[in-house]
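# Structure at a glance
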Amino acid sequence: MSESGERKRAALTEVKPETRQQALDRLYDEHAGALRRFIILRVAGNHDVDDLVQEVYARLARMDAVPEKLPAGRRSTRAFLLTVANRLVIDRERHRGVRREHDERLRLLQDQDDAGSPSPESIVLARDDLDAVASAVEELKPQWRRAFVLNRFNNMSYSEVAKSMGVSHKTVEKYISKALLHLRAALLDD
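Values in this document were obtained by computation on a predicted structure and should not be read as measured data. (Residues numbered from 1 in each chain as written. Predicted model: local features only at pLDDT ≥ 70, side-chain atom pairs only at ≥ 80, totals over all residues. Heavy atoms only, no water.)

The next thing to look at is the overall build of the protein. Counting its secondary structure elements, the protein contains 9 helices and 0 strands. Each helix (α) and strand (β) of the protein, taken in turn from the N terminus, gives the series α-α-α-α-α-α-α-α-α. Long-range pairs, those at least 24 residues apart, make up 61% of the contacts in the protein between residues at least 6 apart in sequence. About 13700 Å² of surface is accessible on the protein, with carbon and sulfur atoms providing 52% of the total. (Helix = DSSP H or I, 4+ residues; strand = E, 2+ residues; numbered from the N terminus. Contact = heavy atoms within 4.5 Å. Areas by Shrake-Rupley, 256 points an atom, 1.4 Å probe, with all protein chains shown as cover.)

Attention now goes to the environment of L88. With respect to the element layout, L88 can be found in helix α5 (residues 74–115). Spatially, the C-alpha atoms of L88 and V56 are 7.3 Å apart, while their sequence positions differ by 32 residues.

Let us look at the packing of helix α2 (residues 20–42) against helix α3 (residues 49–62). Remark: α2 packs on α3, axes separated minimally by 10 Å, with the N-to-C direction vectors making an angle of 145°. Here α2 runs over α3; the crossing is right-handed. Contacts from R20, L24, L27, Y28, H31, A32, L35, R36, I39 and I40 in α2 reach V49, D50, L52, V53, Q54, V56, Y57, L60, A61 and R62 in α3. Partitioning the contact of α2 with α3 into residue classes produces 14 nonpolar, 2 polar and 4 charged. (Axes fitted to C-alpha atoms, helices over the stretch in contact; angles between N-to-C directions. Left-handed = near helix turned anticlockwise from the far one by under 90°. Nonpolar A, V, L, I, M, F, W, Y, C, P; charged D, E, K, R; others polar.)

Here the focus is helix α9 (residues 169–189). The end-to-end C-alpha separation of α9 is 30 Å, in line with the 30 Å expected for 21 residues at 1.5 Å each. Burial in α9 covers these residues: V172, Y175, I176, A179 and L183. Down the axis of α9, the buried set is contained in an arc of 90°. They therefore lie on one face. For α9, the exposed residues lying more than 90 degrees away from the buried face are K170, L181, R184, L188 and D189. Buried positions along α9 lie against α6 (120–139), α7 (142–152) and α8 (158–165). (Expected span 1.5 Å × (residues − 1). Buried < 20%, exposed > 50% of the residue type's maximum accessible area, 1.4 Å probe, protein only. Arc of directions from axis to C-beta.)

Another point: α7. Within the sequence span of α7, burial applies to W144, A147, F148, L150 and N151. Looking straight down α7, one finds that the buried residues subtend no more than 165° of arc, so they occupy a single side. Where α7 is buried, its residues meet α6, α8 and α9.

Our focus in this paragraph is the packing of aromatic side chains. Following the criterion strictly, the structure yields 2 aromatic pairs and no others. For the pair Y28 and Y57, a centre-to-centre distance of 5.2 Å together with 65° between the ring planes defines the contact as edge-to-face. One end of the pair, Y28, is in helix α2; the other, Y57, is in helix α3, with 29 residues separating them in the sequence. Residue Y57 is classed as buried on the basis of its relative accessible area of 8%. Here F148 and F153 contribute two aromatic rings whose centre-to-centre distance is 5.9 Å and whose plane-to-plane angle is 85°, an arrangement assigned as edge-to-face. Classification of F148 as buried rests on a relative accessible area of 7%. (Phe/Tyr/Trp six-rings, centres within 6.5 Å; stacked < 30°, edge-to-face > 60°.)

Next comes the structure, spelled out in structure tokens:
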């Protein structure tokens, strides 16, 4: 075989490592459809799907040594991408929840600022909440109620409550734990 033939043969058998951009392009070509379907099943509105797919690839692009970090095999790679997508959806939903909570608190504060005092709705809701808590506290067994009130309203430590009630520290923990469970159940039912 001639020298030029040897060089051509060597060039054909030589495999160049994939660049970062080539790896991302290949991943997109191979898995974008599956990624879209996966995200559609997880988000309420389809308007975010393309943004989320792009965000998955943007996260991959920010990773160091993408081609080397990807697991070997098509199924493993897809599972890796779906994991990244799932975490992204969870992060986005968590952010939206925080945002909604912040917006609600901001709205309540604005209502208070606009009127110079709390709105009638917020006053009624606060009174209802207080009535529910007071009613739930009244339903507690006497020892539970006493331990709970001493700890939460009189700011006494468990040790101080135990000394005041003449019981052990562990008993106070049990009383307050049971009181909290009862209050939680009562308020969630309400």
